[in-house]
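Here's the letter readout for the chains.
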There are 2 protein chains.
Amino acid sequence: MKIGIAQLNPIVGDLIGNSEKILAAAQTCASERVDLFLTPELSLCGYPPRDLLMDRSFIDDMAIALQKLAQALPAKMAVLVGTVEPNPQATAFGGKPLFNSAVLIQNRQIVRKFHKRLLPTYDVFDEDRYFEPGEESNFFSLEASDSSSQTMRIGVTICEDFWNDEKFWGRRNYPENPVAELVAKDIDLLVNLSASPYAVGKQKIREAMIEHSAIEYGLPIIYVNQVGGNDDLIFDGSSVAFNHSGQLVGRAPAFKTDLLVLDFDLDKQDLLQGKITAQPQSDDAEIWDALVLGVRDYAQKCGFKKVVIGLSGGIDSALVAAIATEALGADNVLGVLMPSPYSSDHSITDALELAKNLEIDTQTLAIAEAMQTFDRILAPMFVGTAPDITEENLQSRIRGNLLMAISNKFGHLLLSTGNKSEMAVGYCTLYGDMNGGLAAISDVPKTRVYSLCQWLNATREHPIIPAHILTKAPSAELKPGQVDRDSLPPYDVLDDILQRSIGTHASPAEIIKAGHAPEVVEQVVKLVARAEFKRRQAAPGLKISDRAFGSGWRMPIASKRTRSSDFH
Amino acid sequence: MKIGIAQLNPIVGDLIGNSEKILAAAQTCASERVDLFLTPELSLCGYPPRDLLMDRSFIDDMAIALQKLAQALPAKMAVLVGTVEPNPQATAFGGKPLFNSAVLIQNRQIVRKFHKRLLPTYDVFDEDRYFEPGEESNFFSLEASDSSSQTMRIGVTICEDFWNDEKFWGRRNYPENPVAELVAKDIDLLVNLSASPYAVGKQKIREAMIEHSAIEYGLPIIYVNQVGGNDDLIFDGSSVAFNHSGQLVGRAPAFKTDLLVLDFDLDKQDLLQGKITAQPQSDDAEIWDALVLGVRDYAQKCGFKKVVIGLSGGIDSALVAAIATEALGADNVLGVLMPSPYSSDHSITDALELAKNLEIDTQTLAIAEAMQTFDRILAPMFVGTAPDITEENLQSRIRGNLLMAISNKFGHLLLSTGNKSEMAVGYCTLYGDMNGGLAAISDVPKTRVYSLCQWLNATREHPIIPAHILTKAPSAELKPGQVDRDSLPPYDVLDDILQRSIGTHASPAEIIKAGHAPEVVEQVVKLVARAEFKRRQAAPGLKISDRAFGSGWRMPIASKRTRSSDFH
């Protein structure tokens, strides 16, 4: 029995385009005499469709697209397509109007429907907003295409349905366990259609979990994941299969579309060894690939060919320029240098050296005249006031305006270059350096920005990031002699506090107990709360962590949080 | 039996401050010999606490605050406080870690806990993200403070628990019906602790629904709502009580904190007639009050005393200036005029007349020089290109920079002035006129902007909005002779299409069927989809409709939606 695993990269909402992608892969599989063809969760509409699901006409159109797809699919193959199905009992019994479903298509007919049961509603996931959970987990029987008349029972789960192995997690995440229920129904193979977004190190957890279940239940398991960037989310693919002994027998590549074909031996009742693509070799390699895919897909799915980036001579814009160059090609990246009177000489020379290494075009636009003009316009109002953060922000906003003007005039996508550390503490200017259609590294802490650049230099024939960018003290260069260290703790300290506070929800008391200075912890926690208004207006940022700012971060702005230390 | 209804305005997260507000109201009630004291949903932490709930220390601090509050409350009175309780069985049985609860405090002890059962997870609500639904609905018995020893049974529901009256809605919204369950337990009074955000006309629905249930079950009902603005959400108060015949016997004011005391006659087993405050007399009056409260609370809860507004001489900024003046006082509003060479003379005279009517200060900053400076800086790059939207956006962004400089220098909150119609179709400049900490009227369609201004003029001693602002053709004045009508359908047409498309999820085909020109509908639908990237970076906007852009609007950006007409 041959099984085809289509690791597809859909465009959200593009029912026709996604159907074509499914069809093309299915036709390839048919030519290889595949019996069962698997696609990711919601492969027809792409994941996450979000509030598109609230338009009845979108649901109707999805039903039309599914029918057309079913008509066009190769007849003999069994196909599982991820789609949305109406819940006919919603009005009578008080449920959500839709199911997140997988439909089985055979001989151009929709013959079975399977509904997702465990609906993630945390972090970036809002599935309870749209979907009713399915009531039971089911399997279907598939007959071998040879003359043996042997059949196998294939249990169907969708993404989260698999994520409730109590023994693996040491806790129950949901009351129901679809996998255990299917095992009780005596299935021969479990398939899981997923759209599981990337986070650093997540694939290791997924594989450990699948291995654990395969061994626990003596069950071969196939996990097929979506790939590609959709707004802030990057889906990493890395679809895998484990045999009933818990051995990895197949793995599609990370961050690439793929079509993996595996054999299921009906006599052995197990998956046979197939092709295993290696994973990226380090966290840095993995993050790099993720960000490259995220930038490429956001640009291309939004219809941009080229990007523009402000090059400050600093490490953040250097990394973003390198990512963009890998994603879109050097010809499609424009770096803009915008020196002010406070810019160091090396801000220019470092940026130009970087551009030379990347072989990208640059333009230089000095902003002194614009600074003077704004100062002159504001002088009557500002008379008697001292220069402060206002004038620093103005520089950043003049640059932001110039970059947007270039974006508007030439149709380039502006990438913003802020990292997670500065987004956390608000060390960035709203409507200034935060400008852009996509925040390429806003989920990358500053310390990781360094390690990514070092990894990049170490793995390329010639160093990409100029050495001086890696060694000089980080500075916003918005006033003479300014360095980040004047306003912020050292980045290794800051990032550790942020990881504890944001990543693990540790309280200030717990972070202090871990060895950080109380006044530094208090400062950081205050800055993070105060910067919420900036983050609310930030560009979508590519998510690479379990807790990113963006669609999964939902904090009040006009709030005043009581802390334990406030009680008397 | 005396019942006190505290319509409170909490600050989200401010456990100590909110405790003090509860305590102050409770003490007033105690002095009036109140037996039962009611507060809104989550009155201790304020609604919505959002991801503050993900920090364990916040939950711990809430428990401390609750204990301290219980110790401080008047002893004899029974008090219902809205708070969050841990779900001790979450790990063992796979549930969410918290309950949205009401606790009964008597004699300084927490004696009972009631958990919300119906958890709204739609629009701006994300309760399934945090909370486990309660398993059953319960009541408590309260003994009269006089010598009669009579007792009454009080059923407790929390907000959404009440919103599932199948006969009223003509459909079931949830499988469970807490009200019917409590009625079966033979209660004498139903109380509903709510945090129900404002939308135009919503109070009429609430009262019709409560009246319906009171009659259906022959049950007196008290609904206590939060009041005040929390980010984009405005809670309108308007707490009400109905007796067992479905007559309105008490109503607290809309958009104001209040303490309403009602009598429950134990012999008649019913609520007695109490004070009924009239509702705002029209939709315009209601929206005005809502926006005034929303602006005031956002500013004050964020710690701002003064606001700054760009005055273009147009109707949107005129309305926002009038709202801000009512909210914060004329002394706390600064209007900034920023004429360009394309500005009409009346843009200045109209803005100055408005400022005079409002008695607010103005400053005038001409932007021609900044336009020339940007043109000069960009000239080498833009050589050979024709002026286009780029130069228009630059004007808007220069103005945005000036306003933010004033905001930064003087600590004023910048209010942006875009209306819902332009936010929908993207007729606004990101990092330009969209700049601001709060978008005061971004959920107000342009046609409603006009009716609000007309209502304002008609209800004030002297007209506030200059007549010419109401009669001239709307224009962005970003190039010579420009009017909105060049780029957009007439606003009555546009707003009707938007209301159908966004408000009721109608498809283009349905909107065309309703009488709109196909090419206009197609244009509007395309513009709305294309403007998603702008809305994602917009300031929080005060919500006054059932479907506002903002926290309840979750659309993909990098998407390409197939429409029925795309199928061949």
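These figures come from a predicted structure and were not determined experimentally.

1. Describing the interface of chain A and chain B
Consideration 1: Taken together, the 107 residues of chain A in the interface contact 107 residues of chain B.
Consideration 2: Note on chain A versus chain B: buried area summed over both sides is about 9500 Å², and carbon and sulfur give 54% of it.
Consideration 3: Applying the counting rule to chain A against chain B returns 18 salt bridges.
Consideration 4: Notably, a salt bridge pairs aspartate 388 of chain A with lysine 409 of chain B, separated by 3.2 Å at the nearest N-O pair.
Consideration 5: For the side of chain A that touches chain B, the secondary structure elements donating two or more residues are helix H1 (15-31), helix H2 (56-72), helix H3 (90-93), helix H7 (283-301), helix H10 (368-382) and helix H11 (389-410) of chain A.
Consideration 6: In terms of residues, the side of chain A that touches chain B owes the most to one element, H11 of chain A, which gives 14 residues.
Consideration 7: The residue makeup of the side of chain A that touches chain B, split by class, is 49 nonpolar, 27 polar and 31 charged.

2. Notes on the sheet that holds strand S17 (residues 333-337) of chain A
Whenever strands of a sheet pair, they do so through backbone hydrogen bonds, lying parallel or antiparallel.
Residue and element names in this part refer to chain A.
Consideration 1: Taken in spatial order, the 5 strands of this open sheet run S18-S17-S16-S19-S20, and their pairing is parallel. Both edges of this open sheet fall to strand S18 (361-364) and strand S20 (438-439), since each of them pairs with a single strand only.
Consideration 2: Pairing geometry for S17 and S18, over 4 bridges, is parallel. Each residue of the ladder has a partner; that of leucine 337, found in S18, is threonine 364.
Consideration 3: Sitting on the sheet, H11 is in contact with strand S16 (307-310), S17 and strand S19 (413-416), with an inclination near 170° to S16.

3. Describing unusual backbone geometry
All names here are of chain A.
Consideration 1: The omega angle of the peptide bond from tyrosine 47 to proline 48 is 0°, so this bond is cis rather than trans.
Consideration 2: Relative to the helices and strands, proline 48 is located in the loop between strand S2 (36-38) and H2.
Consideration 3: One non-glycine residue, arginine 33, adopts positive backbone phi at about 55°.
Consideration 4: Tracing the chain through its elements places arginine 33 in the loop between H1 and S2.
Consideration 5: Unlike most non-glycine residues, serine 238 shows phi in positive territory, near 55°.

4. Looking at the relation of the copies chain A and chain B
Consideration 1: Take chain A, turn it by 180°, move it 0.0 Å along the axis, and it overlays chain B with an RMSD of 0.0 Å. Classification of the inter-copy transformation places it as that of a two-fold axis. For chain A, the smallest separation between a C-alpha atom and the rotation axis is recorded for glutamine 537 of chain A, amounting to 2.1 Å.
Consideration 2: Here 100% of the interface residues in chain A have copies in chain B that are interface residues too; the copies meet face to matching face.

5. Concerning the pairing of strand S4 (residues 98-106) of chain B
All names here are of chain B.
Consideration 1: Counting buried positions along S4 gives 8 out of 9 residues, so the element sits mostly inside the fold.
Consideration 2: Relative to S4, strand S3 (residues 78-86) runs antiparallel, the two being bridged by 8 bridges. Across the sheet, valine 81 pairs through a bridge with valine 103, a residue of S4.
Consideration 3: Judged from the 6 bridges that link them, S4 and strand S5 (residues 109-115) form a sheet pairing that is antiparallel. Looking at the pairing, alanine 102 lines up with phenylalanine 114 of S5.
Consideration 4: Connecting the antiparallel pair S4 and S5 is a turn made up of 2 residues, with asparagine 107 showing a positive phi of about 50°.

6. Topic: the confidence of the model for chain A
Consideration 1: On average, residues of chain A carry a pLDDT of 97, and 100% of them reach 70 or more.
Consideration 2: With a pTM of 0.97, the predicted complex shows an ipTM of 0.96.

7. Concerning the pattern of salt bridges
Proximity of charged atoms lets side chains of opposite charge pair with each other.
Residue and element names in this part refer to chain A.
Consideration 1: Summed over all chains, the structure comprises 62 salt bridges over all chains.
Consideration 2: As a salt-bridge pair, lysine 543 and aspartate 123 come within 2.9 Å of each other at their nearest N and O atoms. Taken as a pair, lysine 543 in the segment after helix H18 (532-536) and aspartate 123 in the loop between strand S5 (109-115) and strand S6 (139-143) lie far apart in primary sequence, 420 residues in all. The same class applies to lysine 543 and to aspartate 123, which are both buried.

8. Focus: empty space enclosed by the protein
Consideration 1: All chains considered together, the criterion is met by 9 cavities of 30 Å³ or more.
Consideration 2: Volume-wise, the largest cavity comes out at about 790 Å³.
Consideration 3: Around the largest cavity, the lining is made up of 35 residues, and of these Arg536, Gly550 and Ser551 of chain A together with Arg536 and Gly550 of chain B lie nearest the centre.
Consideration 4: Listed by contribution, the elements that provide at least two residues to the lining of the largest cavity are H18 of chain A together with helix H19 (532-536) of chain B.
Consideration 5: Its residues assigned to classes, the lining of the largest cavity comprises 14 nonpolar, 8 polar and 13 charged.

9. Section: helix H2 (residues 56-72) of chain B
Residues and elements named next belong to chain B.
Consideration 1: Here H2 spans 25 Å end to end across 17 residues, near enough to the 24 Å set by a 1.5 Å rise per residue.
Consideration 2: Here H2 has its buried residues at Ser57, Phe58, Ile59, Asp61, Met62, Ala65, Leu66, Leu69 and Ala70.
Consideration 3: Where H2 is buried, its residues touch helix H1 (15-31), S3, S4 and S5.

10. Some details on the sheet that holds strand S19 (residues 413-416) of chain B
All names here are of chain B.
Consideration 1: Sheet architecture is open: 5 strands sit in the order S18-S17-S16-S19-S20, paired in parallel fashion. Because the sheet does not close on itself, it has two edges, and the strands there are strand S18 (361-364) and strand S20 (438-439).
Consideration 2: When strand S16 (residues 307-310) meets strand S17 (residues 333-337), the two strands line up parallel, connected through 4 bridges. Across the sheet, the residue bridging to valine 308 is leucine 334, located in S17.

11. Observations concerning the side chain of aspartate 61 of chain A
Consideration 1: Tracing the sequence through the fold places aspartate 61 of chain A in helix H2.
Consideration 2: Salt bridges are absent for the buried aspartate 61 of chain A, whose nearest opposite-charge side chain, arginine 561 of chain B, sits at 5.1 Å.
Consideration 3: Ignoring anything within four residues of it in the chain, the contact list for aspartate 61 of chain A reads Leu15 of chain A together with Thr562, Arg563, Ser564 and Phe567 of chain B.

12. Observations regarding helix H17 (residues 518-530) of chain A
Residue and element names in this part refer to chain A.
Consideration 1: In this model, H17 (13 residues) spans 18 Å end to end at C-alpha, consistent with the 18 Å of a helix rising 1.5 Å per residue.
Consideration 2: Along H17, the residues that are buried comprise Val521, Val524, Val525 and Val528. Buried residues of H17, viewed axially, fall in a sector of 95°; they line one side. H17 presents Glu519, Lys526 and Arg530 as exposed residues on the side facing more than 90 degrees away from its buried surface.
Consideration 3: Lining the buried residues of H17 we find helix H12 (420-425), helix H15 (491-503), helix H16 (508-513) and H18.

The rules behind each value
Residues numbered from 1 in each chain as written. Chains lettered and ligands numbered in written order. Predicted model: local features only at pLDDT ≥ 70, side-chain atom pairs only at ≥ 80, totals over all residues. Heavy atoms only, no water. Contact = heavy atoms within 4.5 Å. Buried area = accessible area lost by both parts, 1.4 Å probe. Salt bridge = Lys/Arg side-chain N within 4 Å of Asp/Glu carboxyl O. Helix = DSSP H or I, 4+ residues; strand = E, 2+ residues; numbered from the N terminus. Nonpolar A, V, L, I, M, F, W, Y, C, P; charged D, E, K, R; others polar. Pairing = 2+ DSSP bridges. Axes fitted to C-alpha atoms, helices over the stretch in contact; angles between N-to-C directions. Least-squares fit on C-alpha atoms with pLDDT ≥ 70 in both. Buried < 20%, exposed > 50% of the residue type's maximum accessible area, 1.4 Å probe, protein only. pLDDT = per-residue confidence, 0-100. 1 Å grid on protein atoms, 1.4 Å probe; cavity = no way out; pocket = protein on both sides within 12 Å on 5 of 7 lines; lining within 4 Å. Points joined across faces, edges and corners; volume = space filled by probe spheres on them. Expected span 1.5 Å × (residues − 1). Lys, Arg positive; Asp, Glu negative; His and termini not counted. Arc of directions from axis to C-beta.

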